[in-house]
Each structure stands twice: as C-alpha cells, then as structure tokens.
Amino acid sequence: MNLKSIFRLACTCIGIVLLPLFAEANEPNGSFKSKIMTVLRPIIKKQSKWAMKQKPLTVTAYPAVRSSGGIHDFYSEGDYWWPDPMDAGGPYVQRDGMSNPANFVDHRKAMIRFSRIIGALASAYRLNPDKKYVQQALVHLQAWFVDSETMMNPNLLYAQAVQGRFTGRGIGIIDTIHLMEVAQGVKVLENDPNFPQSTKSAIHRWFATYLRWLTEHQYGKDEMDAANNHGTCWVMQVASFASLVQDTALLKMCAERYQQILLPNQMEKDGSFPRELQRTKPFGYSLFNLDAMTMICHILSTTNEPLWQYTLPDGRTIKKGVDFVIPYISDKNKWPYQKDVMYWEQWPVAQPALVFAANAYQDSTYLQLWAKLDHNPKEEEVIRNLPIRNPLIWL
C-alpha cells in the first residue's frame, strides 16, 4: 500500500472528509467544482435515499390553535418570547437569544423538512439526472404549491407571532429563507421532460404572488428596512425567488440594495458586522449574516456586475467579511467577543459562505476549511440558521 492509500485509509477511519490533495492523472490541478462534488457526493447519496422515502407534510398537517389565520396559513411564534414571570396570563416578554421550546414552530419544521427533501433530490439529480428524483420532488411541490387541500397560502401574515402582543410580524418573514433551496431545486428540475408545464406554471405563480406580498405588504417593507440580518435575508430571499420567476426588475433592485444599503450600512471597515456583534449570540449571528450576504453575491453576480468584486470607496468588500471570520471558524477559541448564550458549541458548521467564496475567488484555503467542517448538523437551531445546505444545486 502506497503513502497516498495509507493516508486516505487513516482519514476515513477517523471520519475526516478529504479534498483530493493528490492530483488525479486526468485532472492535474482539479477544478473547484469537482473538489466540491468529491466532498458532497457521499452526503448527497445518503440524504437523497432518505428523501426518496418521505411523504409530503405541509402546514395543513399541523393545526395551529393559537393562530389568527386559517389552516393554509403558515404560523410560527417568536423564538425569544416567554411567559411573564410576574404575570402568568399576561403578554409574553422578550429574552433575547434564549429560545422558548414551548413556542409553536411545527410549520417552520415542516418547511425545513420540505427544503431538505427538495435540496437532496435536486442535488442527486445534478449527479445523476434520473426521473425518479423529479417524480418524487413533484409529489412534495404539488402538495405545498398546487393542491388546494394541502397548499400553503403565499404570505406570512402570521409568522413569529407573540402571545398577547402580535398576531404576526414582519420579522417573521425570515422563516421563509427555507424556501430558497426549494426554489433553486425547482430551477434544477423544471426543464426535465417529466416535469409538467402546468406544475411549473403553478409554482412560478405561487412564488410571483409571494414576491408581490413581500414587496408590497407593510410587513415586507418593514423587513426590507431592517438594519441587521433580517434586512439581509429579505434581499437574499427576494433575489432567490425573483431568479426563479425571472423578475429582472426585482433582481436589479436587490443588487442595488446590496451595494447601496446592506454592505455600506452593516459592515465595519475590518469586515465585521457590528449589529450582529451586539447580540447575545454574536458568533452565530455573524456567521448567519455573512452566509446571507455571500448568497446575495452568488445569486446576483453577473459578468457585467460581479458583486463579489464590488468595492466601496473605503475598500470594504464581501471578501473582507469572509476574511474577518476565517480565523474564528478555524479556531473558535480565538473569538475576541462574548460567547453566544446558547449553541456556542454547535458553531461553526460547513458555512455556505466558505464554499461560495472559494468558488468565486478560486481560494483553496476557504475550500479546505469548508471541507473539514460538519456538513450534516443535527441541532435544530443551527439548521434554522443554515438555509443553504445543498451547495451543488447553486453551482
């Protein structure tokens, strides 16, 4: 057994995912995409096998008795709101960063599950365009977007409600970040001959209607104007859904908002995000906001307008944001700010910012770091803040 074989065997035994450090004969340098596929292939195989066995479960499967909406309306309750210890029957009070496990989040969990299923099937289709992946995805897509008995209404009027205070809030729009890989999965699958045109049209209508609500309803306007990760995620979502339905006006607006508002107003000169650092979970929120910003650059960059290279007059770029957090992803013990009040031990994972920045800048350091991190986290709070779990469908 040669040195290469011994090294690979040892790493396999201790569970390390390797990039192809040794050049293959037919690929002397190895493209970034092929290296990414090497890491993801076994994960996709396992997750798609799971996805092929799943039955559709939409919001209608989980009645929300405290919701002011109907059975087709998405409902969730604000994570950081708790009963008032001084008034048990009174309005809930906020405890920032402390998730209340008793709050209703079944619809969010169902949407995350939906996202995982479509992401896994679309990823498997990218590796092997078998019609079985399309057919299984259609069962779920039709349940969520087409079937009048089970579909979700295209709005978030009742998201992140607070007992005794709000029946819904604009801040709840962040819950549909988990529809992004559904929309992207549709883009991957919809041109297959087994994907009915009628279903494609119905899905596009659903997302077009939701985009209209996101941009015209006051909740959407409030979320767009949020000065932290919520404003970032509004742009990221709108860009993703507009890309599916080919709304060029919204795509242009999102690119301009990134250049004129998000980057200049949220990033410090050193690449940090001060508003996220002020939170009780500064590490997790910094990673989350960076992931969202890099996804905006990935979705919206064009040959004529590469947002990855967009630079403010004082030198701030998205790359500066990536480089700011790299040392702390590599060694969390170097983090100079306060530790997160919850889930400190669960971060970082295979942050999408790393793999998309690696691809954009052809930086092997980013890619090596991404490859060795956890690609299949189990903690629900981490998954909630990791909407991009299937990089292959975006490349």
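Residues numbered from 1 in each chain as written. Predicted model: local features only at pLDDT ≥ 70, side-chain atom pairs only at ≥ 80, totals over all residues. Heavy atoms only, no water.

For the protein, an unreviewed UniProt entry supplies the name Alginate lyase and the organism Sphingobacterium athyrii.

Chemist: Got a minute to help me understand the overall build of the protein in this structure?
Modeler: Counting its secondary structure elements, the protein contains 15 helices and four strands. Within the protein, the fraction of its 395 residues that count as buried is 56%. Within the protein, residue pairs in contact and separated by at least 24 positions form 73% of the contacts whose partners lie at least 6 positions apart. Entry remark: accessible area of the protein is about 17,300 Å², with carbon and sulfur atoms responsible for 52%. (Helix = DSSP H or I, 4+ residues; strand = E, 2+ residues; numbered from the N terminus. Buried < 20%, exposed > 50% of the residue type's maximum accessible area, 1.4 Å probe, protein only. Contact = heavy atoms within 4.5 Å. Areas by Shrake-Rupley, 256 points an atom, 1.4 Å probe, with all protein chains shown as cover.)

Chemist: Before we go on, may I ask you to explain the pattern of salt bridges in this structure?
Modeler: Opposite charge on two side chains permits pairing when their charged atoms draw close. If you walk through the whole model with that rule in mind, you get nine salt bridges. With a closest N to O distance of 2.9 Å, Arg-316 and Asp-314 form a salt bridge. Residue classification places Arg-316 among the buried residues on the basis of a relative accessible area of 12%. When its relative accessible area of 37% is taken as the criterion, Asp-314 is described as partly exposed. One salt bridge connects Arg-384 with Glu-381, and the closest N-O pair in it is separated by 2.9 Å. Residue Arg-384 and its partner Glu-381 are located together in helix 15 (residues 380–384), separated by three residues, close to a single helical turn. Pair check on accessibility: Arg-384 and Glu-381 agree, each one buried. When salt bridges with common partners are traced through the structure, they connect Lys-281, Glu-381 and Arg-384 into a single cluster. (Salt bridge = Lys/Arg side-chain N within 4 Å of Asp/Glu carboxyl O.)

Chemist: Explanation requested: the packing of aromatic side chains in the structure shown.
Modeler: Aromatic ring pairs are reported here in terms of the distance separating the ring centres and the angle at which the planes meet. Counted under the stated rule, the structure contains 17 aromatic pairs. Judged by centre distance (5.6 Å) and plane angle (45°), the ring pair of Tyr-75 and Phe-104 falls under tilted. Residue Tyr-75 is located in strand 1 (residues 75–77), and its partner Phe-104 is located in the loop between strand 3 (93–94) and helix 3 (106–127); the two are separated by 29 residues in the primary sequence. Each member of the pair Tyr-75 and Phe-104 is classed as buried. On the basis of an interplanar angle of 85° and a centroid distance of 6.5 Å, the ring pair of Trp-213 and Tyr-219 is categorised as edge-to-face. (Phe/Tyr/Trp six-rings, centres within 6.5 Å; stacked < 30°, edge-to-face > 60°.)

Chemist: What should I look at first to understand the packing of helix 5 (residues 180–189) against helix 8 (residues 229–245) in this one?
Modeler: A pair of packed helices is characterised by two quantities: the angle between their axes and the separation of those axes. Two numbers describe how helix 5 lies on helix 8: the axes approach to 9 Å, and their chain directions differ by 20°. Between helix 5 and helix 8, the angle is such that the two are roughly parallel. Taken as a pair, helix 5 and helix 8 cross one another with a handedness that is left-handed. Judged by residue contacts, Met-180, Ala-183, Val-186 and Lys-187 of helix 5 engage Met-236, Gln-237, Ser-240, Phe-241, Ser-243 and Leu-244 from helix 8. (Axes fitted to C-alpha atoms, helices over the stretch in contact; angles between N-to-C directions. Parallel < 35°, antiparallel > 145°, perpendicular 65-115°, else oblique. Left-handed = near helix turned anticlockwise from the far one by under 90°.)

Chemist: Looking at this structure, I do not really get the UniProt feature "domain: Alginate lyase" (unreviewed entry) in the protein. What am I missing?
Modeler: The UniProt record annotates "domain: Alginate lyase" (unreviewed entry) at residues 59–335. Here residues 59–335 is 53% helix and 4% strand, with 39 Å between the C-alpha atoms at its ends. (UniProt positions renumbered as here; feature names shortened; annotations may be inferred.)

Chemist: How should unusual backbone geometry be read in this particular structure?
Modeler: One can expect most non-glycine residues to show negative phi and most peptide bonds to be in trans. Note the cis peptide between Trp-347 and Pro-348, where omega equals -5°. Tracing the sequence through the fold places Pro-348 in the loop between helix 12 (318–330) and helix 13 (352–361). Of note in the backbone geometry, Gln-246 takes a positive phi value of approximately 60° without being a glycine. Checked against the element boundaries, Gln-246 lands in the loop between helix 8 and helix 9 (248–266). Of the residues examined, Gln-246 reaches a relative accessible area of 65% and is grouped as exposed. With phi around 65°, Tyr-343 is a residue other than glycine that occupies positive phi space. Here Tyr-343 lies in the loop between helix 12 and helix 13.

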